[in-house]
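# Understanding the architecture of this molecule
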Amino acid sequence: MEEGALSCLLRSRTMLEQDIKASYLMDHMISDGVLTGDEEEMISKQPTRRDQAVALLELLLRKDNRAYISFYNALVRESYGDLANLLHNNLPLISPEAHKSFSDGGTPYVQTVLSQGGVPQRPVVFVSRPKLVNQVREKLYRLQKEPGWVTVFGMAGSGKSVLAAEAVRDHALIEECFPGGVHWLSIGQLDKPDLLVKIQSLCFRLEQSQDPQSVHRPPSSLDEAKERMRFLMLRRYPRCLLILDDIWDNTVLKTFDIQCRILVTTRDRSLTDSVSGAKYEVAVESGLDEDKALEILALYVNSKPQKLPDDARSIVRECKGSPLVVSLIGALLREFPSRWSYYLRQLQQKQFKRIRKSSSYDYDALDQAMAASIQVLAENHRELYKDLTVLEKDVKVPAKVLSVLWDLEPEEVEDILQEFVNKSLLFRDCHHRPYLYYLHDLQLDFLAEQNRSQIESLHTKVVRQYQQHYKDSPPTSGDEECLYWIRFLTYHMAKANLSQELYALMFSLDWVRTKAQIMGPGHLINDYVEHGAILDKEVRSQFQEFLSLNGHQLEQRPFPDVVQLALSQPHNSEVYRQALLQAQDRASKGKLYFDWLNKSSVESLSRLVVHPHQGSIYSACFSHNGAKIASCGASKTLRVFKSTTGEKLLEIQAHDDEVLCCAFSPDDRLLATCSSDRKVKVWNAERGSLLRVFEEEHEEQVNHCQFTNTTRRLLLATCSNDTFMNLWNLNKPSSQNTMFGHLEPVNHCCFSPDDTYLSTSSSDGTIKLFEVSSANEWKTIDVKSMFPESDEQTEVHVKCSTWSADGKRVICAARNAVFVFDVETADMLMEIRTSRLSTVQYCHACPTSNLLAIALSHYAVELWDIETNKKVADCSGHLSWVHGVQFSPDGSQLLSCSDDQTVRLWETKKVHTSSAVSLKRDSDVLFNGEVVTVAAADNCNRLQVRRREEGGKEGGKEGRKEGRKEGRKEDDQQADILEVPSGMALATLLGHTKTVLHCQFSPDGQTLITSSEDTTVRVWRWRSAECKVLQGHKEQIRRFTLLSNSPTDTRLLSWSFDGTVKVRHIHTNTHRHRDIEAHQGAILACHVSPDGRLFTTTSADRTAKVWSCESWQCVHTLSGHQDCVRSCRFSWDSRRLATGDDNGEIRLWSVKDGSLLKICSRDNKDAMDSLHGGWVTDLHFSPDNSLLVSTGGYIKWWDVERGEALQTFYPMGANLKRVHVSPDFSTFITIDSIGILYVLRRVV
């Protein structure tokens, strides 16, 4: 490079590195031949935009004058005019004869060589494909020192000939490798006489070039022609290149097997197997991308790509990237520029015969080009190729599937498929083992059009062959063949119009189990949606609802029992009917199943529950057309799925740290993410490819991102803990505007509906409104002043803001409140206060109504009407903090995301304010024959008493009429005694100074014992209110127990968080009998053995201990738990002890020697990273000690001998506190965290 050019680059280097985007410039430089594919790949591997720019400039400094000029021209073309001006004055001078212009490859020398050799000119409309051109050139360079073959192969219309011609349009290549010239022969499907004429013409051309005066007799046969060419190529033109275009037959190539340098274009990659010499290949497999195709159409109609009508993009998609089809359509539009819609319809209807006109192509229409490829197959192979008509687009198939379809051995099938691949009739994905095969979309369209009348019978053949091959059971291996059948069998049945087979398959719990286990629930739900028109509407909706509400369970591993899940469906559901029949059949063989008897009283308001991530979900959003949902969170991933079914469309490892927010662009083509890693990234929403990375502007974690609501001026707003907000123009490499003014981290930003303003919410207690056009602050609203009780030191974090549909009100969330402000006056119009025990995590205003959705930390979502200031809906179902809510663009749906790792969808019109009373988890149950009586406090601080008879109704007075006393502990430091079922108050006992935690009657019913947070136990003669206070503990006493049910044994065992156990007589003046310093940490549970000889304690110190009731000494210390030991239970024969911890692990111990017998299913952790969905809170043995039931996040039943889980029941809520078990171990009663009562009966 000239010294002046080099100095100029060095002077301008810093500015260039800051501003240029290397990828934009490299395409032009590759086209100019100054940059190789390997060099481009090396630069592209650099992690950031700036690093790529640095690498490009480093490389440029080592290159020549041509590279400098190419770089300058690229800057001009990519609108870096100011940077190009820096380089203009130092442009080097180069020889006009050597390279008049290299951006089009047309130096005079090159033009002369190619025209003499008969190489075709560029098409009238030409778009560069630099990567493929460079691949061909790289192979041609390998022929520099020795003869050989370069094969450019691909399907019909893929642009092979244009690529071959373009590859040799390069001065350096011709000068270094082929100084003897480049000679082109168009072959096609010629017979021998026509081929001889072609070769005669070539020989004449070569001989005339050497000696125009000499006259040679033309060769009279192919053998003579071959010898004449051998002489010419080896003696006269030893370093020339012969290009044979459109070869169909290997016998043609044998004529040219003369040890020279040859480039071949063909549809059959195997043709060169029959000739000698070195061989190299270039596959022309991928078509044009959308931008290149639009550029071709624009050139044909003399316009710019951005000014083409909307139909242009649709036409490009229908062309499937084929250069031939795009060119055919472009040529037609040049003559009839108003026919965009017409030609789009022809493409959509596969009317290939009407897509004609291309003077440079051998076939009048696309269908002829496709048919020509198939006609060269043997007749039996043409029939097999026809069977491929049934394949879905973009689906890759293993050979084993076609082995079933064709009833042939896999090896024979692979040989046939190899022939199809060689002839470019089929493509093979070599990245998989075994290989996968697929058709180009155009080939599929052609087959579908050719075999339109046979489509149904072809699909029927697929189904019948499958049924014959898998007549005993469906494939479950999980390999590629299995995946194909499980995924597409319903598709083939629907296309074959086999309605009865489709009904029987899709309305079968066995099929649901198989497909959900192999592919997940999303594909199943999608089947019910896709084939909904031909399925029974009522039964379809029952199966679809079952999958929608249990999909997150079906994604768990270990895979749950589908029959047990289905037993929770309504009694009138076909899903429940099948489940009950299967459960009864399996129960007769010893399997455990449990029917939820009182489920009719519970209504689920969720429409769909999706489990997209392993970890908390911080953000989820609808696409603007409502068809997709994107979610992100602690897993560092971004996931996109269908809003109707939950089927995964895209999953990206998006960031190096937690992804805090995601947002769709208004046209749904882009997705933005921001993260704790301080980066903002923009993705292609269809392909998942990374388009832009912004990583330098924000210095701390980026909390939120949002696009403008319209594409009129597309901007992306972000905000960060660094107190700044940025507006990004995606067409520029750096931030367009930085806004400031907040003093603390900015948590959220939101555009007004018309994109005029941007609202920002900060931990400094304010929201600010900025004018988007100028990035200037317009006004500030002091939200902290809405909390007069706050002092200067108390922070008020404004979590988020949202705009009303009319843009006249801005709404924000802080602490446990939501405020509505007038945008013009900044006056507060409304205040919504939620529970003081909860915080508002997020809020979103419906874009089509006055509804406001609020996400709360106490696991709930609420809907409010901001016109009337009334709550209109409660949406319960999440099992942890709700981080986000968003309405769909039409307002018909609402999504919410949570720490419980789920995204829930709700139908706005169906949710309503819940009038059902939810129960608290503290409860007591009386089993009396066939009657079950449940007593529990409700959320209104009332005692609910419910009775249920076998086959009877629920209710307070539907059971037996005899009275019973019920003790009720109160949060207000008193205990009430009521008569059941009348509810009449018999006594109110005052005395405790803090909350009463537990109460229990003595066996004779005359004494009530209570314990409290005030560290005392009180013994009441409840009729006279006479009270004895038992003191000694230093911390709260959550529970106690009587050592015996005998009226004569009055010893009471109490335990406390202070780590001590105390034994007292409740009817004597001796308050203390024993004080035991049992543990170093809080005692969490205690149980007395049924024989009364031992008791056990468990503690936060991760140990359990067994104690003697005679000596009060510790008999065994049981160590091994890795977390707090929260529950314990002796078996009925007092020989075993079960303990459960906060990691969900259950251990079984020998009481005799304290040895560990079993650890229950230690390896089966669920998605919540627990063996039990949470703490193990309660344990019970069956009367024969063979079974164990446990509660945690759900209920599990275990085989005691083997330590294996036999069954699991998943409640709608979580965090079960205890389970009540009937004496015969057939009925189980519990209450979950959202207040739902479960009465479970073992299926027999």
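Values in this document were obtained by computation on a predicted structure and should not be read as measured data.

## Considering the overall build of the protein
- When you go through the protein residue by residue, the secondary structure sums to 30 helices and 67 strands.
- For the protein, the C-alpha atoms occupy an extent of roughly 140 × 75 × 55 Å along the three principal directions.
- Sorting the 1244 residues of the protein into buried and exposed places 56% on the buried side.
- Nonlocal contacts in the protein, meaning residues at least 24 apart in sequence, comprise 53% of its contacts between residues at least 6 apart.
- When the accessible surface of the protein is totalled, it reaches about 53,200 Å², and 46% of it is carbon and sulfur.
- If the 147 positive side-chain charges of the protein are averaged to one point and the 165 negative ones to another, these points end up 2 Å apart.

## Some thoughts on the UniProt feature "repeat: WD" (unreviewed entry) in the protein
- Residues given the UniProt feature "repeat: WD" (unreviewed entry) here are residues 652-693, 739-780, 875-916, 989-1030, 1076-1117 and 1118-1159.
- Along residues 739-780 one finds 0% helix and 55% strand; the C-alpha atoms at either end are 14 Å apart.
- The straight-line gap between the two end C-alpha atoms of residues 1076-1117 is 14 Å; of that span, 0% is helix and 55% is strand.

## Structural notes on the sheet that holds strand E49 (residues 1039-1042)
- Taking strand neighbours across the sheet as the criterion, the four strands line up as E49-E50-E51-E52 in an open arrangement whose pairing is antiparallel. A single partner strand is all that each edge strand has here, and the edge strands are E49 and strand E52 (1074-1077). Put simply, the sheet's adjacent strands are angled 15 degrees from each other on average, direction ignored.
- In the sheet, strand E51 (residues 1060-1065) pairs with E52 via four bridges, with the strands oriented antiparallel.

## Remarks on the sheet that holds strand E58 (residues 1136-1141)
- With antiparallel pairing, four strands are arranged side by side in an open sheet as E57-E58-E59-E60. With one partner strand each, in any of the chains shown, strand E57 (1125-1130) and strand E60 (1156-1159) form the two edges of the open sheet. Each strand of the sheet is rotated relative to its neighbour by a mean of 20 degrees, with strand direction disregarded.
- Sheet topology note: the E57/E58 ladder contains five bridges and is antiparallel.

## Section: the pattern of salt bridges
- Here the structure, examined in full by the defined rule, presents 45 salt bridges.
- Taken together, the salt bridges that share partners define one network made up of Glu290, Arg313, Arg317 and Arg669.

## A closer look at empty space enclosed by the protein
- A complete count under the given rule lists seven cavities of 30 Å³ or more for this structure.
- Each pocket or cavity is described by its volume, and for the largest cavity that value is around 80 Å³.
- At the level of secondary structure, the elements contributing two or more residues to the lining of the largest cavity comprise helix H18 (366-375) and helix H22 (441-450).
- Among the elements that take part in the lining of the largest cavity, H18 stands out by supplying three residues, more than any other.
- Taken together, the residues of the lining of the largest cavity sort by class into seven nonpolar, three polar and one charged.

## Considerations on the packing of aromatic side chains
- Under the criterion given, the structure shown has 26 aromatic pairs.
- Geometrically, the ring pair formed by tryptophan 596 and tyrosine 1238 is tilted, given 4.7 Å between the ring centres and 40 degrees between the ring planes. With tryptophan 596 in strand E9 (residues 594-596) and tyrosine 1238 in strand E67 (residues 1237-1242), this pair connects stretches of sequence that are 642 residues apart. Take tryptophan 596 and tyrosine 1238: they sit in the same class, and that class is buried.

## As for unusual backbone geometry
- Its identity is not glycine, yet glutamine 259 carries a phi of approximately 60 degrees, on the positive side.
- Its place among the elements puts glutamine 259 in the loop between helix H13 (250-255) and strand E4 (261-266).
- Here asparagine 302, not a glycine, exhibits a phi torsion of approximately 55 degrees, which is positive.
- With respect to the helices and strands, asparagine 302 occurs in the loop between helix H14 (290-300) and helix H15 (310-319).
- Residue asparagine 302 is classed as exposed on the basis of its relative accessible area of 73%.

## As for the nonpolar core
- Counting residues in hydrophobic clusters, the biggest one holds 112 residues, and the most contacted among them are Leu388, Trp406 and Phe420.
- If we skip the residues at most four places from it in the chain, phenylalanine 420 touches Leu377, His381, Tyr385, Leu388, Trp406, Leu425 and Leu426.
- Of all hydrophobic cores here, the second largest spans 31 residues; its members include Cys800, Ala813, Met830 and Ala873.

## Section: the domain arrangement of the protein
- For the protein, the assigned domains are domain 1 (3-94), domain 2 (108-284) and domain 3 (290-364).
- Tallying the contact residues gives 15 residues for domain 2 and twelve residues for domain 3.
- Where domain 2 meets domain 3, there are zero salt bridges.
- Where domain 2 meets domain 3, there are zero residue pairs in polar contact (both at pLDDT 80 or more).

So, how was this worked out
Residues numbered from 1 in each chain as written. Predicted model: local features only at pLDDT ≥ 70, side-chain atom pairs only at ≥ 80, totals over all residues. Heavy atoms only, no water. Helix = DSSP H or I, 4+ residues; strand = E, 2+ residues; numbered from the N terminus. Buried < 20%, exposed > 50% of the residue type's maximum accessible area, 1.4 Å probe, protein only. Contact = heavy atoms within 4.5 Å. Areas by Shrake-Rupley, 256 points an atom, 1.4 Å probe, with all protein chains shown as cover. Lys, Arg positive; Asp, Glu negative; His and termini not counted. Charge placed at Lys NZ, Arg CZ, Asp CG, Glu CD. UniProt positions renumbered as here; feature names shortened; annotations may be inferred. Pairing = 2+ DSSP bridges. Axes fitted to C-alpha atoms, helices over the stretch in contact; angles between N-to-C directions. Salt bridge = Lys/Arg side-chain N within 4 Å of Asp/Glu carboxyl O. 1 Å grid on protein atoms, 1.4 Å probe; cavity = no way out; pocket = protein on both sides within 12 Å on 5 of 7 lines; lining within 4 Å. Points joined across faces, edges and corners; volume = space filled by probe spheres on them. Nonpolar A, V, L, I, M, F, W, Y, C, P; charged D, E, K, R; others polar. Phe/Tyr/Trp six-rings, centres within 6.5 Å; stacked < 30°, edge-to-face > 60°. Core = buried A, V, L, I, M, F, W, Y, C linked by side-chain atoms within 4.5 Å. Domains from an automatic or database assignment. Polar contact = N/O pair within 3.5 Å; in protein donor to acceptor, adjacent residues only side chain to side chain.

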